[in-house]
Amino acid sequence: MILDQNGNTSIITQEKVTVIELVKKIQALYPKFKNNNIIVALNTLGSFTKADIVEFLELSKTHKAAKQSFVIVTNKIDLDLVPEEIAVVPTIEEAYDFIEMEDMERDLGF
């Protein structure tokens, strides 16, 4: 797991372990970046199933409840299979755009 910081956004890149192992690592390290927006970049891993993405559901809900954005980056899943409670985009640039939109919504009180 590679952890980068860009302003108030933590970017977690995973290259080798399984999705379940990654979720456990993020949960263990969560206090370190709970006050930041989180981007989880998974483009270097193989294909994903709906079950793999759903592993992130609890983390996503917890983070959004804390008024922060949680975005998964992968272009290896059919976005129609992803639950709407989880933000999944195909590129890092779109993840930043998504976070910017959510920041605006929070500022406007939505």
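As shown above, the structure is provided for reference.
So, here's what we can say about the structure. The shown structure was predicted, so the numbers you read here are calculated from the model rather than taken from an experiment.

1. Regarding the packing of helix 1 (residues 19-33) against helix 3 (residues 57-65)
Reasoning step 1: Following both chains from N to C, one finds helix 1 and helix 3 inclined at 15°, their axes separated by 11 Å at the closest point. The angle between helix 1 and helix 3 falls in the class roughly parallel. Seen along the crossing, helix 1 lies across helix 3 with a hand that is left-handed. Judged by residue contacts, V23, I26, Q27, Y30 and F33 of helix 1 engage E58, L59, T62 and H63 from helix 3.

2. Remarks on the layout of surface pockets
Where empty space is left can be seen by rolling a probe of water-molecule size over the atoms.
Reasoning step 1: If you add up the space inside the largest pocket, you get close to 160 Å³.
Reasoning step 2: K64, K67, Q68, E102, E105, R106, G109 and F110 together form the lining of the largest pocket.
Reasoning step 3: Considering only residue class, the lining of the largest pocket consists of one nonpolar, two polar and five charged.

3. Some points on the environment of T9
Reasoning step 1: Secondary-structure assignment places T9 in strand 2 (residues 9-13).
Reasoning step 2: Taking the C-alpha atoms as reference points, T9 and K64, 55 residues apart in sequence, are found 14 Å from one another.
Reasoning step 3: Setting aside anything within four residues of it in sequence, one finds T9 in contact with D4, N36, N37, I39, Y96 and I99.

The rules behind each value
- Residues numbered from 1 in each chain as written.
- Predicted model: local features only at pLDDT ≥ 70, side-chain atom pairs only at ≥ 80, totals over all residues.
- Heavy atoms only, no water.
- Axes fitted to C-alpha atoms, helices over the stretch in contact; angles between N-to-C directions.
- Helix = DSSP H or I, 4+ residues; strand = E, 2+ residues; numbered from the N terminus.
- Parallel < 35°, antiparallel > 145°, perpendicular 65-115°, else oblique.
- Left-handed = near helix turned anticlockwise from the far one by under 90°.
- Contact = heavy atoms within 4.5 Å.
- 1 Å grid on protein atoms, 1.4 Å probe; cavity = no way out; pocket = protein on both sides within 12 Å on 5 of 7 lines; lining within 4 Å.
- Points joined across faces, edges and corners; volume = space filled by probe spheres on them.
- Nonpolar A, V, L, I, M, F, W, Y, C, P; charged D, E, K, R; others polar.

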